[in-house]
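Structural characterization, general
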Amino acid sequence: MARRPVEYLFKTAEKWGNQEFLHIPAYASGNTTRAATSHTYSASVCEVRAIAALYSEQGVSAGMRVGLMLENSAAFFFHWLALNELGVAIVPLNKELASEDCAHIIRDSKLSLVTCFSDLAKIVGAALELVEEAVTTWCADADLLPVVKGRRVASQDECALLYTSGSTGLPKGCILTNEYFEVAGQEYLALGGLCTLQEGGERLVTPLPLVHMNALACSTMAMMMSGGCIIQLDRFHPKTWWQQVVSAGATVIHYLGVMPAILLQFPVTNVEKKHQIKFGFGAGVNPKHHKVFEDRFGFPLVEGWSMTEVGGAAWVIASKEPRHVANCCFGKPSSRMEYRLVRDDGALVQKGESGELLVRSAGSDPRRGFFGGYYGQSALT
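Residues numbered from 1 in each chain as written. Predicted model: local features only at pLDDT ≥ 70, side-chain atom pairs only at ≥ 80, totals over all residues. Heavy atoms only, no water.

1. Structural notes on the packing of aromatic side chains
Condition: Two rings from Phe, Tyr or Trp (for Trp, the six-membered ring) form a pair when their centres are within 6.5 Å of each other. A pair whose planes differ by under 30 degrees is stacked, one over 60 is edge-to-face, and the rest are tilted. Only runs of H or I of at least four residues qualify as helices and only runs of E of at least two qualify as strands under DSSP, and these elements are numbered from the N terminus. Note on exposure labels: buried denotes an accessible area under 20% of the residue type's maximum, exposed denotes more than 50%, and partly exposed covers the range between, all computed with a 1.4 Å probe on protein chains only.
The final tally for this structure, using the stated rule, is 16 aromatic pairs. Plain terms: the ring middles of Y188 and W315 are 6.2 Å apart, the flat faces sit at 75° to each other, and that makes the pair edge-to-face. Of this pair, Y188 sits in helix α6 (residues 178–190) while W315 sits in the loop between β15 (301–305) and β16 (316–317), and the two are 127 residues apart along the sequence. Summarising the burial analysis for this pair, Y188 and W315 share the class buried. Geometrically, the ring pair formed by F236 and W241 is edge-to-face, given 5.4 Å between the ring centres and 70° between the ring planes.

Structure, rendered in structure tokens:
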């Protein structure tokens, strides 16, 4: 039986209680300035348990689902882990979604409650107007949590329900189990090579959204399972990127391909030479930027491949040489996965042919660490 993510928080706090678990850097935009905040493992445990008690007192219990529109904040982590302790699954909600898309997710996932910041209540309200059934809303930074009378629609092993982009139809809910999160962390820590992580010593900075699996499962679990610190940005700020990386003492960054392209457009500065980054972990860097970036900034961009449905169970990461930089190479498969490259008719491709990549976990359970299926859509699963 897999451990829940919150159990790893508790376990790590026993050894690394005074270490930082979360660091939210300072950010200024227009007339708004946010001071940097830090939370140790011990303090985070107290916060999580207090929030879990509050949810429990108001009727939130195992088998329910709760939507979180808390952006990239410390509150998101604390509420997610508090609900995980109660056996409640979360459904991350993106404030950038159109009301119709947000309403579809709320309706499809059968939420009992939506927790949001007060300044996002209008966005939630607009979506709820399109939902036929009543759903409780809680502004976590303002109001007392009302009594919640919800439905039990999720298994206690469900940790999160993440929705696909919906590029070929309505978004589908990917059931992510506690095992999915556990395997994602285990596989990250097992990568080695250029991606070797030191226990209790890493500080991973990510601007990626917590509504996607990379920030929610990969970086969070790797740090939480190894006593590292998550440096969570609200988003990518190109002009102040290196100042944020240096001031936060980051040792690892997570990126998407557009980030190197943007950073290379800026003139060389002294601050970009002061970082302590060992490697970048991401995907999609433009081949013509790959080596140029590494030569200028002095650390490797480790490319990889995965998707929400696969998680860490069958991802492929170029963490060991030769990486074939600038050739769109994302590495070799690990011994813990199996794969086939097939034609449209299912036959194996010949060398040099293009094909479709099929993956599964090696061993007796080919779905170990994969998503649990599309919620309510077994035929599509």
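2. Observations concerning the side chain of E158
What counts, and what does not: Whenever a nitrogen or oxygen atom comes within 3.5 Å of another N or O atom, the pair is scored as a polar contact, on the condition that within protein one atom can donate a hydrogen and the other can accept it, and that pairs from neighbouring residues in sequence are kept only if both atoms are in side chains. Contacts are assigned to residue pairs that have any heavy atoms within 4.5 Å of one another.
Position of E158 among the secondary structure elements: in strand β9 (residues 158–163). In this structure E158 comes out as buried when scored by relative accessible area, which is 3%. Side chain to side chain, E158 and R65 meet in a polar contact 2.7 Å long. When near neighbours in sequence (up to four residues on either side) are disregarded, E158 contacts R65, V88, A89, I175, L176 and T177.

3. Let's talk about helix α1 (residues 5–16)
Note the threshold: Working rule for helices: expected span equals 1.5 Å times residues minus one.
Taking 1.5 Å as the rise per residue, α1 with 12 residues should run 16 Å; its terminal C-alpha atoms sit 16 Å apart, in good agreement. When we look at burial in α1, the residues that qualify are P5, V6, Y8, L9, F10, T12 and A13. Buried positions along α1 lie against β1 (20–24), α2 (41–57), α3 (74–85), β9, α6 and α7 (213–226).

4. Notes on the sheet that holds strand β13 (residues 252–256)
Backbone-to-backbone hydrogen bonds join strands into a sheet, with any given pair of strands oriented parallel or antiparallel. Rule in force here: Paired strands, as defined in this entry, are two strands with at least two bridges between them according to DSSP. As a rule, the C-alpha atoms of each element are fitted with a line to give its axis, helices using only the stretch in contact, and angles between N-to-C directions run from 0 to 180 degrees.
On the basis of which strands lie adjacent, the open sheet formed by eight strands has the order β4-β1-β12-β11-β13-β14-β15-β16 and mixed pairing. Each edge of the sheet is formed by a strand with only one pairing partner; in this case those strands are β4 (37–40) and β16. Examined bridge by bridge, β1 and strand β12 (residues 229–232) share two bridges and lie parallel to one another. Residue pairing in the sheet places H23 in a bridge with I231 of β12. Running at roughly 150° to β12, α7 makes contact with β1, β11 (203–206), β12 and β13 of the sheet.

5. Observations concerning the side chain of R203
Note on placement: R203 falls in strand β11. In this structure the side chain of R203 is engaged in a polar contact, spanning 2.7 Å, whose partner is the side chain of E20. If sequence neighbours within four positions are ignored, R203 has contacts with E20, H23, C229, I231, A248, G249, A250, T251 and V252.

6. Topic: the pattern of salt bridges
Note the cut-off: For salt bridges, the criterion is a side-chain nitrogen of Lys or Arg within 4 Å of an Asp or Glu carboxyl oxygen.
According to the stated counting rule, one finds 15 salt bridges in the structure shown. Where E133 meets R151, a salt bridge forms, and the shortest distance between an N and an O atom there is 2.9 Å. With a gap of 18 residues between them, E133 in the loop between α5 (121–128) and β8 (136–139) and R151 in the loop between β8 and β9 connect regions that are remote in the sequence. Given the relative accessible area of 33%, R151 is considered partly exposed. Note that E272 and R296 form a salt bridge whose closest N and O atoms lie 2.9 Å from each other. Pair noted here: E272 is in the loop between α9 (258–263) and β14 (279–283) and R296 is in helix α10 (residues 287–297), with a separation of 24 residues, a long-range link. Assigned by exposure class, E272 and R296 land together as buried. Overlapping salt bridges bring together E294, E321 and R323 as one network.

In short, geometric facts, not functional conclusions.
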